[in-house]
Amino acid sequence: MSTATLDTNALLTVPAQPFDYSFSLAHTALLIIDMQRDFIEPGGFGETLGNDVSLLAAIVPTVKRVLEAWRASGGHVIHTREGHAPDLSDCPPAKRLRGAPKLRIGDEGPMGRILIHGEPGHAIIPELAPIAGELVIDKPGKGAFYDTALGEVLKTRGITHLIVMGVTTEVCVQTTLREANDRGYDCLLVEDGTESYFPEFKEAALAMIRAQGAIVGWTAPSASLLAVLPS
Ligand code: TIU
């Protein structure tokens, strides 16, 4: 179909859990959470916390497939990155000092300083790099609304629905979904477009998000979303 004739206000309906999720391209953003080298590649923040990062790398082809289809349909795309200023002024000591990682936030690692703006590890992985017109939100917390302009940006663009992918399911993705839900957004989490270092936490997060009549949001496999996109 030619995008010249596409009605971006038309309602598209994805078979989802716990029930169908309807959205229009005009009022929906694809929100991709923290697909950064620091979480997905060896030597970054995720690995210093003691995690097996290969679990997260496995979803990259799926996230890329959805991103490319969404781009082709002309929808809004927003990426987020977790990270901190080089002087750590936006990193609470409680976050930096928590636990016993091999390297802490701000320490020098194989991909530069851990979780610091502008360092190689802070970058979104090349396969999913933002293109012109796509917004990148830098966030100091796990949630994408805390201490960022995301809320204002969504209001300005008239966005009411968020389709979410990224890592990790029960940390930055779930925190962001909960922040968005409290702000009135209808959120769909793409089940195979998100991953955790702990498979059982991913499954629990998906279940608790869609429980109680979509108390936090909806979930659906990428195939169900791809099937309704007009590209
Ligand atoms: N550790 C972990 O599972 N996640 C994070 O620290 N950040 C995000 O989820 N992006």
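Above this text sits the structure in question.
Computed from a prediction, not measured in an experiment: that's the story for all the values here.

1. Comments concerning unusual backbone geometry
The residue after Q17, namely P18, is reached through a cis peptide bond having omega 5°. Within the element layout of this structure, P18 appears in the loop between β1 (12-14) and β2 (21-23). In this chain, V167 is followed by T168 through a cis amide linkage whose omega measures -20°. Position of T168 relative to the elements: it lies in the loop between β8 (161-167) and α7 (169-182). Even without being glycine, L115 reaches a positive phi, approximately 60°. Residue position: L115 is located in the loop between β6 (112-113) and β7 (135-139). Positive phi values are uncommon outside glycine, yet D147 reaches one of about 60°. Assignment of secondary structure puts D147 in the loop between β7 and α6 (150-157).

2. With respect to the packing of aromatic side chains
What the rule picks out here adds up to seven aromatic pairs. Ring centres of F23 and W70 lie 5.9 Å apart, and the angle between their planes is 25°; on these two criteria the pair is classed as stacked. Of the two residues, F23 sits in strand β2 while W70 sits in helix α4 (residues 60-73), which places them 47 residues apart along the sequence. Given the relative accessible area of 0%, F23 is considered buried. When the ring of F39 is compared with that of F45, the centres are 5.9 Å apart and the planes differ by 85°; the resulting orientation is edge-to-face. Across the pair, F45 and F39 agree in class, each one buried. Here a set of aromatic residues connected by ring pairs shows up, and it is made of F19, Y21, F23, W70 and W218.

3. Describing the pairing of β8
Summarising burial for β8: seven of the seven residues are buried, a large majority. Of the two faces of β8, the one lined by H161, I163, M165 and V167 and the one lined by L162, V164 and G166 are each fully buried. Two strands pair when backbone bridges link them, and strand β3 (residues 28-33) and β8 are joined in this way by six bridges, in the parallel orientation. Each bridged residue has a counterpart across the sheet, and for L30 the counterpart in β8 is I163. When β8 meets strand β9 (residues 186-195), the two strands line up parallel, connected through six bridges. Directly across from L162, in β9, lies its bridge partner C187. Between β8 and its parallel partner β9, the chain crosses via α7, and the hand of that crossover is right-handed.

4. Focus: the site of the ligand
As a matter of local geometry, the ligand sits amid D34, F39, F45, L49, E82, K142, V167, T168, V171, C172 and Y197. D34 has a polar side-chain atom sitting 2.8 Å from a nitrogen atom of the ligand. T168 has a polar side-chain atom sitting 2.8 Å from an oxygen atom of the ligand. Here the ligand loses 93% of its free accessible area of 290 Å² to cover by the protein chains. Taken together, the residues of the shell around the ligand break down into seven nonpolar, one polar and three charged.

5. Here we look at the sheet that holds strand β4 (residues 76-82)
One key point about sheets: their strands pair by backbone hydrogen bonds, in either a parallel or an antiparallel sense. Pairing in this open sheet of six strands is parallel, and the strands run β7-β4-β3-β8-β9-β10 from one edge to the other. Edge positions in the open sheet fall to β7 and β10 (218-220), since each of these has one partner strand only. Taken over all neighbouring pairs, the strand axes of this sheet differ in orientation by 25° on average, direction set aside. Here β4 runs beside β7; their pairing, made up of five bridges, is parallel. Residue pairing in the sheet places E82 in a bridge with K139 of β7.

Rules and cut-offs
Residues numbered from 1 in each chain as written. Predicted model: local features only at pLDDT ≥ 70, side-chain atom pairs only at ≥ 80, totals over all residues. Heavy atoms only, no water. Helix = DSSP H or I, 4+ residues; strand = E, 2+ residues; numbered from the N terminus. Phe/Tyr/Trp six-rings, centres within 6.5 Å; stacked < 30°, edge-to-face > 60°. Buried < 20%, exposed > 50% of the residue type's maximum accessible area, 1.4 Å probe, protein only. Pairing = 2+ DSSP bridges. Right-handed = clockwise from strand over helix to strand, strands pointing away. Near = heavy atom within 4 Å. Polar contact = N/O pair within 3.5 Å; in protein donor to acceptor, adjacent residues only side chain to side chain. Areas by Shrake-Rupley, 256 points an atom, 1.4 Å probe, with all protein chains shown as cover. Nonpolar A, V, L, I, M, F, W, Y, C, P; charged D, E, K, R; others polar. Axes fitted to C-alpha atoms, helices over the stretch in contact; angles between N-to-C directions.

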